[in-house]
Amino acid sequence: MTTPPENETLEIDPRTEDGANGRPPGTPGTPGTPGIPGSTDRAALRESAVDIEAPAASFTRTLNFTESWDYAPAPERAKVTIAPEYAHFINGEFTAPPSRKEARMRNINPANESVLCEVAIADKSAVNKAVAAARAAFPKWRRLDPRERAKYLYRIARRIQERARELAIVESMDGGKPIKESRDIDIPLVAQHFFYHAGWADKLRYAFPNRDPQPIGVCAQIIPWNFPLLMAAWKIAPAIACGNTVVLKPAETTPLTALRLAEILQECELPDGVVNIITGDGDTGALLSSHPDIDKLAFTGSTSVGKVLAKTAAEKNIPITLELGGKSAHIIFEDASVDQAVEGIIQGIYFNQGHVCCAGSRLFVQESIEREVVEKLRIRLASLRVGDPLDKNTDVGAINSRAQLDTINRYLKIGVDEGATRIEPSRNGLPSKGYWCRPCFLTGVQPSHTVAREEIFGPVLAVMNFRTPEEALLRANNTRYGLAAGIWTDKGSKIFEIAGRLEAGVIWCNTYNRFDAASPFGGYKESGFGREGGLQGLRAYVKFD
């Protein structure tokens, strides 16, 4: 249930005074029937802030819901323990917490700006130790019977399921995403990726028939802050299933679930050195990516950093997988089911506060239905609840960091300055502390506007229109990115025609933001190259002798 929009205006049939059910006044169960349970007379309506005006031909009833349909708090009450200090996971063990003389960073809860813990920043020595541990573990791990490797992955997946509630809570505290998304989407997908790749561990010769797939070696992996644990699973599961060893660096603002995963690896008795996790900032990532003893580089993050890493990999002559930014097109044709499409729009851009590289941040609506879609989107947007990520009713959580919130606000100002109109239906109060941004959309956007060209990475949607399918394709492909796209239409032939001509790596048809471990994910142009997930994702972690 979601909170209805405030001050909604309903047109009432003057003959019935009840446009919703067509019954005359005084009928049992209708407003205005004194003494009937569930009904309300005019005096009661006035007392509950419902204003009634009666023109000669008809009258309008304005409903001011205020807080009468508000939710009761539903906080996640399970307690999790977060240590005051964390260090690295190297060669199967957690290193000693950093001393006061060593570099460390504070881990902030974005919902209330409290300090969750302090985390070590890996220096050159720590990076060297992690890579050396992975190198030492590689010969034995690659020779291990693939069925035995699969057992470790199955064990990890089951342990993730057993600790799912704890992982979901830590993910929401660390990153700001609503608990219902962490609980129902992120963590189940994490376990799914380990289960899926466990199944491939002893079947690589079937995945690549008539070839002899071999592991690459030591894989350096750098992941972002928007899906911390899920991105770790995307990277680690295929790598170790194929016989590689790993050094993983999580994002500096969201390292906690990666460190929880390290605990799970210990519990599952994964051989020492197969997976090593080091924490730190961008400098740590640079040390890892440029290390002379890595054999493979994988990165998910911004396009600007991806370009630097691509140059590094080229100079070292090692393979690299890049999953970078996006400015994905979401196309709504006039023959689409509008109500379903509106739900798809909400899922496409406001999921995870818009912190999604494949978010449908550019909405293209066919001109004939633009007003209807915009109005229904406004009503639906007003129902989204922004607030405590650990409340099960919350739809939109906290922005990941102060820096990201400043970036979003800067783009919103640019959008309005360039002539767009900002529509922000929800006016519910925001918490006094934390990093918050109400979900909104911009109308009057032109393809040349900054908000239509650059990735905002927040709950901000740019709305544009089109007249013909050709114009929709021209506008959708007019971007330097090519990660994802969405199409809404009732015509199957149109789906295939448009999908075949869109320049995007992932295309959803009459849905959006649906993920599965068996489905490859990746982009074109400046959205990167290579695939993660599915049979195609395995290719990035094997070589052929």
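For the structure, see preceding data.
**Q** Is there a simple way to explain the sheet that holds strand 7 (residues 104-108) in this structure?
**A** Pairing is mixed across the open sheet formed by three strands, whose spatial order is 4-8-7. The open sheet terminates on both sides in strands that have one partner only, identified here as strand 4 (85-86) and strand 7. Sheet topology places strand 4 next to strand 8 (residues 115-120); two bridges connect them, and they run parallel. The residue bridging Glu85 from the neighbouring strand is Glu118, located in strand 8.

**Q** Can you walk me through a positive patch on the surface in this structure?
**A** A cluster of like positive charges, contributed by Lys140, Arg142, Arg143 and Lys543, occupies part of the molecular surface. The greatest single-element share of the positive patch, amounting to three residues, is contributed by helix 2 (residues 124-143). As for its position among the elements, Lys543 is in strand 25 (residues 542-544).

**Q** Any chance you could explain helix 7 (residues 228-241) here in plain terms?
**A** Since there are 3.6 residues in each turn of an α-helix, residues three or four apart along the chain are aligned in direction. Between its terminal C-alpha atoms helix 7 stretches 20 Å, which fits the 20 Å expected from 14 residues at 1.5 Å a residue. The element helix 7 is extensively covered by neighbouring structure, given that 14 of its 14 residues are classed as buried. Positive backbone phi, at 100°, marks Gly243, one or two positions downstream of helix 7.

**Q** Just checking my understanding: could you explain the pairing of strand 18 (residues 440-443) for this structure?
**A** It is a general feature of regular strands that their side chains alternate between the two faces of the sheet. Burial of strand 18 is two-sided: the residues Cys440 and Leu442 facing one way and the residues Phe441 and Thr443 facing the other way are all buried. Judged from the three bridges that link them, strand 18 and strand 19 (residues 460-466) form a sheet pairing that is parallel. From the neighbouring strand, Leu442 faces strand 19, where its bridge partner is Ala462.

**Q** I would appreciate a short explanation of the side chain of Arg149 in the present structure.
**A** Within the element layout of this structure, Arg149 appears in helix 3 (residues 146-162). Despite being buried, Arg149 has no salt bridge partner; Asp145 is the closest side chain of opposite charge, sitting 7.5 Å away. A distance of 3.2 Å separates a polar atom in the side chain of Arg149 from the backbone oxygen of Leu144. For Arg149, the residues in contact, after removing those within four places along its chain, are Trp141, Arg142, Leu144, Ala201, Ile240, Ala241, Cys242 and Gly243.

**Q** Help me understand the nonpolar core in this model?
**A** As a rule of thumb, nonpolar side chains are buried together in soluble globular proteins. Counting 104 residues, the largest nonpolar core has Ile160, Phe194, Ile236, Val275, Ile332 and Leu461 as its most contacted members. Lining this core are residues from two domains, each supplying at least three of them: domain 2 (85-324 + 527-543) and domain 3 (329-520). Not counting the four nearest positions on each side in its chain, Leu461 is found in contact with Ile345, Ile349, Tyr350, Gly360, Ser361, Arg362, Leu363, Leu377, Cys440, Phe441 and Leu442. In terms of nonpolar packing, the next biggest core, distinct from the first, is built from 30 residues, Leu412, Leu442, Ala476 and Ala504 among them.

Definitions and cut-offs
Within any chain, residue numbers begin from 1 and follow the written order of that chain's sequence. Reporting in this predicted model follows two pLDDT cut-offs: at least 70 for local features of residues, and 80 or more for side-chain atom pairs to be given and counted; totals over whole chains, interfaces and linings ignore these cut-offs and use all residues. Computation of side-chain values: all heavy atoms of the structure, hydrogens and water removed. A strand pair is defined by DSSP finding two or more bridges across the two strands. Here a strand is any run of E in DSSP of at least two residues, a helix any run of H or I of at least four, and the numbering for each starts at the N terminus. Think of a patch as exposed residues, more than 30% relative accessible area, with no salt bridge, where like charges cluster within 9 Å and nonpolar side chains (Val, Leu, Ile, Met, Phe, Trp, Tyr) cluster within 5 Å. Shrake-Rupley sampling with a 1.4 Å probe provides the accessible areas, and residues are treated as covered by the protein chains on show and by no other component. What makes a salt bridge here is a side-chain nitrogen of Lys or Arg within 4 Å of a carboxyl oxygen of Asp or Glu, nothing more. Neither His nor the chain termini are counted; the positive set is Lys and Arg, and the negative set is Asp and Glu. Here the site of a charge means NZ on Lys, CZ on Arg, CG on Asp, or CD on Glu. For a helix, the expected span equals 1.5 Å multiplied by the residue count minus one. The buried label applies to any residue whose accessible area, calculated with a 1.4 Å probe on protein chains only, is under 20% of its type's maximum; exposed applies above 50%, and partly exposed to all values in between. The definition of a polar contact used here is a pair of N or O atoms within 3.5 Å, where within protein one atom must be able to donate a hydrogen and the other to accept one, and adjacent residues in sequence count solely through side-chain atom pairs. Here, residues are in contact when the closest pair of their heavy atoms is within 4.5 Å. Remark: nonpolar core denotes a set of buried residues (Ala, Val, Leu, Ile, Met, Phe, Trp, Tyr, Cys) joined through side-chain atoms within 4.5 Å. Residue ranges for the domains trace back to a domain assignment, done automatically or taken from a database.

Worth remembering: the numbers are spatial, not functional.
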